[in-house]
Structure formats: structure tokens, C-alpha cells
Amino acid sequence: MEKVDLIWMNGKFIPWNEAKIHVLSHSLHYGSGVFEGIRFYETHDGRTAVFRLNEHVDRLFFSAKAMQMDISYSKQEISEVILETVRKNNVKSGYIRPIIFYGYGKMGLNPIGADLDVCIAVWPWGSYLGEEMITVKTSSIIRIHPKSSETKAKITGHYTNSIQANQEAVNAGFNEALLLDFEGNVAEGPGENIFMVKNGSLITPKEGNILIGVTRDCIFKIAKDNSIEVIEKTLSLDELKAADEAFFTGTAAEVTPIKQIDETIVGNGQTGQVTNKLKTLFEEAIHGKIDEYSDWLTYV
Ligand code: PMP
């Protein structure tokens, strides 16, 4: 990964190579951290803006609440530090990783009493899935059950589920995994929400077994503003495989068209018209080219 100069840790900017933690940090052992993935972009006029900062900070605090974290910073302070971390590192576009985790001081499962560390790192990060169109393999493991954890929270421990699914798919020669829910319906990717297009309408799994993506929300808004019907429903794998078009969304993945699911080619195997339209408008929005969506950008 590409390094930058400084990482913000517990109130101070520290040189990248010195941003270290103790090996007996609680979250390293038990996955008791919460985090966000945020992107910032160079806008069409050469400035830099963080994309949907408020929504990401809101979700970070929601996740922290699920882990009973008593954060000594307000949402506004965290937002300001995020902007300052981007500014100080002088990067035009990239990825932001705020993480709050139970640190050193307690090794029992109950983390109360351990340090609560708050860190914000940024780095340049290009295309996440690496390809224009990707292949997807249905995972043999399911997305974490909504009664196993607060699945709407971005808790570090949840990602062992995502990692295993991704590794299985990649080892089988696919680009990414697709996780089903406990009833065998479509849930999401390891780090992406999924959409399909059928007869011009956009269909996506309803809330319940998925992380409620910020990018998913952008796609809803862009679709509705362009008279594309959005349907949130229980989606079977057979229905998905019969789609005209399909794509993943996520902060890292942005809008990534899917060309194949298991052995099935989606539609004609090319990026479909609706996907292309939404992807293009999303790209214009992140670069500040669409006035209607200017409130999605916080200029640094
Ligand atoms: N699902 C999971 C499991 C994720 O990790 C992510 C990435 N945060 C998403 C969906 C997409 O969410 P967002 O659009 O907010 O990045």
C-alpha cells in the first residue's frame, strides 16, 4: 500500500511508521473494533472533497454504540479531524479509515477498562476490485445472521466472515464472493451491496441481512431522480442469475458491474445500459459535477 506522512492517533498526528499498538490489544484478539471506509476525491475544479462524510461518521457512531464504546470525541470533532488528516497529508484523492477499538489493558472478553483508541488514517487507493467487470462466486458460508450480531454495524470482527468468503471465491478463480443470508436468499458481497436490473427496474435485497451502504443510498437517489424504479425485496439467487444486469456498490468498490455469477453469464456479459447510466452519474456526483448532489461533498 502507498504510504502518506501522518496518521492521527488519540489526539495527535504521528508519523506513518510510528503509528503502532500493543500486541495485547483487545480488538486484535477478539475483533472488538469499529471502523469506516470513506473516499475523498479530486473534484472537477481541482479541489478535494470527502464523499458523504456525515453519513459515514453517523454510521461510525452507530457501530461504536453497538460495542458500548464511550467515545470522548463528538461527531463534529471526528469529522473535523478526518478533514484535517486529508489536508495534512496533501493527497488529492484516496481512502479514509477511521477506526475505534478497544486497545491495551484488559484481556477478558469484557473490554470495559481497556484503552479505547481512536485513529484516522488516509492513503491513496485506486480501483478496489481491479477490473472493469467482475466475476462473482456464491459463497459456501452465509452472511452473519442478524441475530448473531448487530449486522448494520461495521464491527471489525464481522469481517472474518467477509474474508473467508472472499478467499474462497478468489481461490476458485473468481474476482469476488456473494454471500447469501440464512434463508438462502441474496445478501451482499464481502464489502459491497448488490443490485440487479430486470426490465428496466432496479432490484436489491431489503434491509435485514446487509450493511446499509452509503453508496447503496446514493444509487437509490440517483435512480429515483432518473425515473428508474427501485425495489427493495427478498431476492433469490435464481432471480439474481436471471437478471438483465447486475452490479456491486461500495465505498471501495464504487459501482462495479458483474459479468458472471457462478457459471451464469449475467445478461449479455457486458455492462448494461442502466448500470452504465447509474455508474456514470455516480462518477459525476463524486467529482462534484452534479449540483443536485453537491451536499454529498465536504470540501477539505
Ligand atoms: N456491505 C459490507 C459488508 C461492507 O463492508 C460495505 C462497505 N462498507 C458495504 C456493504 C457497502 O457500504 P458503503 O457503500 O457504505 O461503503
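Computed from a predicted model, the values in this text were never measured in an experiment. The numbers attached to residues start from 1 for each chain and follow its sequence in the written order. This being a predicted model, a pLDDT of at least 70 is required before a residue's local features are given, and a value of 80 or more before pairs of side-chain atoms are given or counted; all residues contribute to the totals for chains, interfaces and linings. Neither water nor hydrogens contribute to the side-chain values; these are computed over all heavy atoms in the structure.

1. Here we look at helix α7 (residues 273–286)
Since the α-helix advances by 3.6 residues per turn, residues separated by three or four positions end up pointing in the same direction. Inclusion rule: Under the scheme used here, helices are H or I runs from DSSP no shorter than 4 residues and strands are E runs no shorter than 2 residues, and both carry numbers assigned from the N terminus. Helices are assigned an expected span. That span is 1.5 Å times one less than the residue count. Per-residue accessibility, obtained with a 1.4 Å probe over protein chains only, is compared with the maximum for each type, and a residue is labelled buried under 20%, exposed over 50%, and partly exposed between these values. Think of it as the arc spanned by the lines of direction from the helix axis to the C-beta atoms.
Taking 1.5 Å as the rise per residue, α7 with 14 residues should run 20 Å; its terminal C-alpha atoms sit 20 Å apart, in good agreement. Every buried residue belonging to α7 is among Val274, Thr275, Leu278, Lys279, Leu281, Phe282, Ala285 and Ile286, and all of these are buried. Down the axis of α7, the smallest arc covering the buried residues is 170°, so these residues share one side. Just downstream of α7 lies Gly288, where phi reads positive at about 70°.

2. Structural notes on the nonpolar core
Rules: Only buried Ala, Val, Leu, Ile, Met, Phe, Trp, Tyr and Cys residues count toward a nonpolar core, and they belong to the same one when joined by side-chain atoms within 4.5 Å. The start and end points of each domain follow an automatic or database-based domain assignment. Residues are treated as being in contact if the distance between any of their heavy atoms lies within 4.5 Å.
Judged by nonpolar contacts, the single largest core of 38 residues is most densely connected at Val50, Ile78, Ile82 and Ile96. Counting only elements with at least two residues in this core, the list comes to β1 (6–9), β4 (38–42), α2 (53–66), α3 (75–89), β6 (94–102) and β7 (116–123). By residue number, the principal contributor to this core is β7, which donates 6 residues. Inspection of this core shows a minimum of three residues originating in each of domain 1 (6–123) and domain 2 (134–286). Excluding its chain neighbours within four sequence positions, the residues that come into contact with Ile78 are Val57, Leu60, Phe61, Tyr73, Val118 and Ile120. Ranked by size, the runner-up nonpolar core spans 25 residues in total, among them Cys218, Phe220, Ile228 and Leu278.

3. Here's the deal with the domain arrangement of the chain
Inclusion rule: Reported buried area values correspond to the accessible surface (1.4 Å probe) lost by two parts on association, with both partners' losses combined. We define a salt bridge as a contact between a side-chain nitrogen of Lys or Arg and a carboxyl oxygen of Asp or Glu at a distance within 4 Å. Distance and chemistry together define a polar contact, namely a pair of N or O atoms within 3.5 Å, with one atom able to donate a hydrogen and the other to accept it when in protein, and with adjacent residues in sequence counting only for side-chain atoms on both sides. Ten residues, namely Ala, Val, Leu, Ile, Met, Phe, Trp, Tyr, Cys and Pro, are considered nonpolar, four, namely Asp, Glu, Lys and Arg, are considered charged, and the remaining ones, Gly among them, are considered polar.
Taken domain by domain, the chain comprises domain 1 (6–123) and domain 2 (134–286). Taking only C-alpha atoms into account, the centre of domain 1 sits 26 Å from that of domain 2. Between domain 1 and domain 2, the contact holds 22 residues from the first and 19 residues from the second. Of the roughly 1700 Å² buried between domain 1 and domain 2 on both sides combined, carbon and sulfur atoms contribute 65%. Counting the surface domain 1 buries against domain 2, the share from its top three residues, Phe35, Phe51 and Arg59, is 32%. Inspection of the region where domain 1 meets domain 2 yields 2 salt bridges. Residue Glu254 is joined to Arg39 by a salt bridge in which the shortest nitrogen-to-oxygen separation is 3.7 Å. For the interface between domain 1 and domain 2, the tally reads 11 residue pairs in polar contact (both at pLDDT 80 or more). Elements supplying a minimum of two residues to the side of domain 1 that touches domain 2: β3 (33–35), β4, α2 and β6. The element best represented in the side of domain 1 that touches domain 2 is α2, accounting for 6 residues. Residue composition of the side of domain 1 that touches domain 2, by class: 10 nonpolar, 7 polar and 5 charged.

4. Details of the site of the ligand
Inclusion rule: Each residue is tested against the molecule or strand, and it is near if at least one of its non-hydrogen atoms lies within 4 Å. For the area figures, the Shrake-Rupley method with a 1.4 Å probe applies, and any residue is considered shielded solely by the protein chains shown.
Taken together, 15 residues form the shell around the ligand, and within it Tyr159, Glu188, Val214, Thr215 and Thr251 come nearest. Arg59 has a polar side-chain atom sitting 2.9 Å from an oxygen atom of the ligand. At 2.7 Å from an oxygen atom of the ligand is found a main-chain nitrogen or oxygen belonging to Val214. Compared with its free state, where it exposes 390 Å², the ligand has 96% of that area covered by protein. Elements supplying a minimum of two residues to the shell around the ligand: α5 (214–225) and β14 (245–250). A class-by-class count of the residues in the shell around the ligand yields 4 nonpolar, 7 polar and 4 charged.

5. Quick notes on the pattern of salt bridges
What the rule picks out here adds up to 17 salt bridges. Its salt-bridge partner being Glu232, residue Arg216 comes within 2.9 Å of it at the nearest N-O pair. Taken together, the residues Arg216 in helix α5 and Glu232 in strand β13 (residues 230–233) connect sequence positions 16 residues apart. According to the relative accessible area criterion, Arg216 is buried, its value standing at 3%. In this structure, the salt-bridge partner of Lys233 is Glu239, at a minimum N-O distance of 2.4 Å. Judged by its relative accessible area of 26%, Lys233 is partly exposed.

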